[in-house]
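Chain and residue survey
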Amino acid sequence: MSYLYFYLLVPETFETLIKQAENYTSTLFCNTYRNMALEAAASVQELFTDVGLFVFGTDISPDESVNRFFDTLFPLVYNHLINPGVTDISLEYSECIRMARRDINPFGNIPQIVMGQMGRSLLPSRTFLQALNLGIEVINTTDHLQFSKECSKALLKMQYCPHCQALTLSKPCMGYCLNVVRGCLANVAEIDPHWRGYIRSLEELSDTIHGTYDIEHVLLNFHLLVNDAVMQAHINGKKLAEQVNKICGPPVRTPTQTPGCSLDQSKDKQGMKISSRDGEESLASRRKEFINSLRLYKTFYGGLADQLCVNELAAADGLPCWNGGDVVKR
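Keep in mind it's a predicted model, so treat the numbers as computed, not measured.

Rules behind the numbers
- Position numbers for residues start from 1 in each chain and track the written sequence from start to end.
- Where totals are concerned, whole chains, interfaces and linings use all residues; where local detail is concerned, this predicted model gives features only for residues with pLDDT of at least 70, and gives and counts side-chain atom pairs only at 80 or more.
- Only heavy atoms go into the side-chain values, all of them from the structure, while hydrogens and water stay out.
- Each helix is a run of DSSP H or I of at least 4 residues and each strand a run of E of at least 2, with the numbering of both proceeding from the N terminus.
- What a helix is expected to span follows from its residue count: subtract one and scale by 1.5 Å.
- To obtain the bend at a residue, axes are fitted to the seven residues ending there and to the seven starting there, and the angle between these axes is taken.
- Buried means the residue's accessible area, taken with a 1.4 Å probe over protein chains only, is under 20% of the maximum for its type, while exposed means over 50%, and partly exposed covers the values in between.
- Helix axes are fitted only over the stretch in contact, all axes being lines through C-alpha atoms; the angle between N-to-C directions runs from 0 to 180 degrees.
- Oblique is the label for every angle not falling under 35 degrees (roughly parallel), over 145 degrees (roughly antiparallel), or within 65 to 115 degrees (roughly perpendicular).
- Handedness of each helix crossing follows the sense of rotation of the near helix against the far helix: counterclockwise by less than a right angle gives left-handed, clockwise gives right-handed.
- Throughout, a residue-residue contact means that at least one pair of heavy atoms, one from each residue, lies within 4.5 Å.
- Residue polarity is assigned by list, with Asp, Glu, Lys and Arg as charged and Ala, Val, Leu, Ile, Met, Phe, Trp, Tyr, Cys and Pro as nonpolar; anything else, Gly included, falls into the polar class.
- Any two cysteine sulfur atoms lying within 2.5 Å of each other are counted as a disulfide.
- Taken from the helix axis, the directions to the C-beta atoms give the arc we talk about.
- Any two strands with at least two DSSP bridges between them are considered paired.

**Re helix H2 (residues 34–55)**
With 22 residues, H2 should cover 32 Å at 1.5 Å per step; its first-to-last C-alpha distance of 30 Å lies within 8% of that length. At Ala40, H2 shows its largest bend, some 50°. Taken together, the buried positions of H2 are Met36, Ala37, Ala40, Ser43, Val44, Leu47, Phe48, Asp50, Val51, Gly52, Phe54 and Val55. A positive backbone phi angle near 115° is found at Gly57, which sits one or two residues after H2.

Next up, the structure:
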């Protein structure tokens, strides 16, 4: 797998992963908490939009995004599970409950767990993507090098001067070729220690992305923590209702009721089918494949002149070759 191929593939893989995690969470509401699914859809979408924005470099706070999600979730849980009624609570009462969520703490330590997992997993992935962008910049820059006039003359002499003596089949001798090409690529060779360090840093960063630091693991299991949070609030419903009454007063209801989940069962099943991930197509396996292939190019810039001479420009060992002035036997 080439660097460019992986560079193009990774953003798409991240986007697919984030969408799959969003589908899992939406499906949880549609299947388990159907009455609140439609109202929860916007906050679910907003959370995963923020996740994507952060991973791709936007300067936003994942902690604040998680807090907003649970702030918005609490009025829905109150309205449909803790203190359900024939009609919904009013917008003003819902806003009061939303503002009180962090003081009442209806979901226990689950929001803190989510923030911890998001913080540990999103930042390494964001850094990994930024590192990929840096690598592609290096490759693009060195891919369009301009050789000096002296280098161009030396290359021209090395490859075409034998033709003037009708020696069209003679290639340059290895030592001669290396002297010329190394001189032409001296600036490129200076990149070598930095390129090696870059690959080593990518390896170390990739090694840290596992378990609670693995964005794939965290996002695809987010819906389980949401379910735990809702269940915890439901179990402690009586106590929470009393706390809400103290802060916001008795429930104020509207004359209408919000409809439930609008997704049909076939769409639910399709969403779950899309979300099932083949291990060979996972982000972790693709990242591992990329790192393994990148290791093969650790000495690329330092050994580029040698590769060009050995593989393309110079005569094979033991064959007659052009030494810059004449053809020698070997």
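Further notes follow.
**Details of the side chain of Asp50**
Within the secondary structure, Asp50 is located in helix H2. Owing to a relative accessible area of 12%, Asp50 belongs among the buried residues under this scheme.

**Some thoughts on the packing of helix H3 (residues 62–82) against helix H11 (residues 222–235)**
Running from N to C, H3 and H11 point in directions that differ by 50°, and their axes come no closer than 10 Å. Here H3 lies oblique to H11, going by the angle between them. Read as a crossing pair, H3 and H11 show a hand that is right-handed. The residues of H11 that touch H3, namely those facing Phe69, Phe70, Leu73, Val77, Leu81 and Ile82, are Phe222, Val226, Ala229, Val230, Ala233 and His234. Class assignment of the residues belonging to the contact of H3 with H11 gives a composition of eleven nonpolar, one polar and no charged.

**Details of the state of the cysteines**
Counted according to the given criterion, the structure contains four disulfides. In this model Cys151 forms its disulfide with Cys184; the gap between the sulfur atoms is 2.0 Å. Between Cys151 and Cys184, the disulfide has an S-S torsion of 115° and is therefore right-handed. Note that Cys151 is positioned in helix H6 (residues 149–164) and Cys184 in helix H7 (residues 174–184), a separation of 33 residues in sequence. Linked covalently through their sulfurs, Cys177 and Cys309 form a disulfide whose S-S length is 2.1 Å. What sets the handedness of the Cys177 and Cys309 disulfide is the S-S torsion sign, and at about -90° it is left-handed. You can see Cys177 sitting in helix H7 and its partner Cys309 sitting in helix H15 (residues 304–313), a full 132 residues away along the chain. For the residue pair Cys177 and Cys309, the accessibility class agrees, reading buried in each case.

**Some words on helix H14 (residues 283–295)**
Given a rise of 1.5 Å per residue, 13 residues ought to cover 18 Å, and the 18 Å separating the end C-alpha atoms of H14 matches this to within 8%. When we look at burial in H14, the residues that qualify are Leu283, Arg287, Phe290, Ile291, Ser293 and Leu294. The arc enclosing the buried residues of H14, seen along the axis, measures out at 165°, which places them on a common side.

**Examining the packing of H6 against H7**
When two helices pack together, you describe them by how their axes are tilted relative to each other and by the distance separating the axes. For the pair H6 and H7, the least separation of the axes is 9 Å and the interaxial angle reads 155°. The angle between H6 and H7 places the two elements in the roughly antiparallel class. Of the two elements, H6 crosses H7, and the hand of that crossing is left-handed. Contact with H6, carried on its side by Cys151, Ala154, Leu155, Lys157 and Met158, involves Tyr176, Cys177, Val180, Val181 and Cys184 of H7 and no other residues of that element. Class assignment of the residues belonging to the contact of H6 with H7 gives a composition of nine nonpolar, no polar and one charged.

**Topic: the sheet that holds strand S2 (residues 321–322)**
Within a sheet, adjacent strands bond to each other through the backbone by hydrogen bonds, running parallel or antiparallel. Strand order in the open sheet made by the three strands is S1-S2-S3, with mixed pairing throughout. Strands at the two margins of the open sheet, each flanked by one partner only, are strand S1 (171–172) and strand S3 (327–328). In this structure, S2 lies alongside S3, joined through two bridges in antiparallel fashion. By the bridge assignment for S3, Trp322 is matched with Val327.

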